[in-house]
Amino acid sequence: MRSTDLFIRRPVLAIVVNLVILIAGLQSIRSLSVRQFPRTDVAVVTVSTVYVGANADLVRGFITGPIERVLASADGVDYIESSSAQSVSTITVHLKLNYSTNDALT
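Read on for a plain summary of the structure.

Scoring rules and cut-offs
- Residues numbered from 1 in each chain as written.
- Predicted model: local features only at pLDDT ≥ 70, side-chain atom pairs only at ≥ 80, totals over all residues.
- Heavy atoms only, no water.
- Helix = DSSP H or I, 4+ residues; strand = E, 2+ residues; numbered from the N terminus.
- Buried < 20%, exposed > 50% of the residue type's maximum accessible area, 1.4 Å probe, protein only.
- Core = buried A, V, L, I, M, F, W, Y, C linked by side-chain atoms within 4.5 Å.
- Contact = heavy atoms within 4.5 Å.
- Bend = angle between axes of the 7 residues up to and from the residue.
- Salt bridge = Lys/Arg side-chain N within 4 Å of Asp/Glu carboxyl O.
- Pairing = 2+ DSSP bridges.
- Axes fitted to C-alpha atoms, helices over the stretch in contact; angles between N-to-C directions.

Quick look at unusual backbone geometry
Link 1 in the chain: Even without glycine at this site, Ser 87 takes up a positive phi of about 70°.
Link 2 in the chain: Here Ser 87 is to be found in the loop between strand S2 (77–85) and strand S3 (88–95).
Link 3 in the chain: Of the residues examined, Ser 87 reaches a relative accessible area of 15% and is grouped as buried.

Let's talk about the nonpolar core
Link 1 in the chain: Within the largest apolar cluster, six residues are counted, these being Ala 43, Val 45, Val 77, Ile 91, Val 93 and Leu 95.
Link 2 in the chain: Looking at which element gives the most residues to this core, the answer is S3, with three residues.
Link 3 in the chain: Those residues in contact with Ile 91 that lie beyond four places of it in its chain are Val 45, Thr 46, Val 47, Thr 64, Ile 67, Glu 68, Leu 71, Ile 80, Glu 81 and Ser 82.

Some points on helix H3 (residues 56–72)
Link 1 in the chain: The sharpest bend along H3 measures roughly 35° and falls at Thr 64, with the proline Pro 66 sitting one to four residues further on.
Link 2 in the chain: When H3 is considered as a whole, its buried residues turn out to be Val 59, Ile 63, Thr 64 and Gly 65.
Link 3 in the chain: At its buried positions, H3 is contacted by strand S1 (44–50), S2 and S3.

A closer look at the pattern of salt bridges
Link 1 in the chain: A full pass over the atoms with the stated rule returns one salt bridge.
Link 2 in the chain: Residue Asp 57 pairs with Arg 60 through a salt bridge whose shortest N-O separation is 3.1 Å. One end of the pair is Asp 57 and the other is Arg 60, both in helix H3 and three residues apart, which spans about a single turn.
Link 3 in the chain: With relative accessibility at 52%, the residue Asp 57 sits in the exposed group.

Some details on the sheet that holds S3
Link 1 in the chain: Taken in spatial order, the three strands of this open sheet run S1-S3-S2, and their pairing is antiparallel. One side of each edge strand has no neighbouring strand; the edge strands of this open sheet are S1 and S2. Neighbour-to-neighbour, the strand axes of the sheet open up by a mean angle of 15°, direction not taken into account.
Link 2 in the chain: With eight bridges joining them, S2 and S3 adopt antiparallel strand pairing. Counterpart to Glu 81 in the pairing with S3 is Thr 92.
Link 3 in the chain: Across the sheet, H3 is in contact with S1, S2 and S3; its angle to S2 comes to roughly 170°.

Some details on the environment of Phe 62
Link 1 in the chain: You can see Phe 62 is positioned in helix H3.
Link 2 in the chain: On the accessibility criterion, Phe 62 (62% relative accessible area) is exposed.
Link 3 in the chain: Separated by 49 residues in sequence, Phe 62 and Leu 13 have C-alpha atoms that sit 80 Å apart.

In short, the description is geometric, and any link to function would need to be established separately.
Right, dumping it as structure tokens:
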């Protein structure tokens, strides 16, 4: 006599055992703490400046370049993207994974 024969002869017992396993699984899912998973925050800081009347080369030389140099020296910076257009400079700073945005802004 195998153990499966017991459940074939007694289907009510098989249903009860399945329900016990299901309830135990649901209880274990509910008690699983979220703290067990790592915190992953990807932070982006964007700096936009306007210099009315300046062409793109002037904005790149006098605004975008110096700001990029200062931002690159900050702690937690992963990489920097920048663009300069007519009268507008936009710099996007991507921070390292799980780095605090408050620390980066200060």
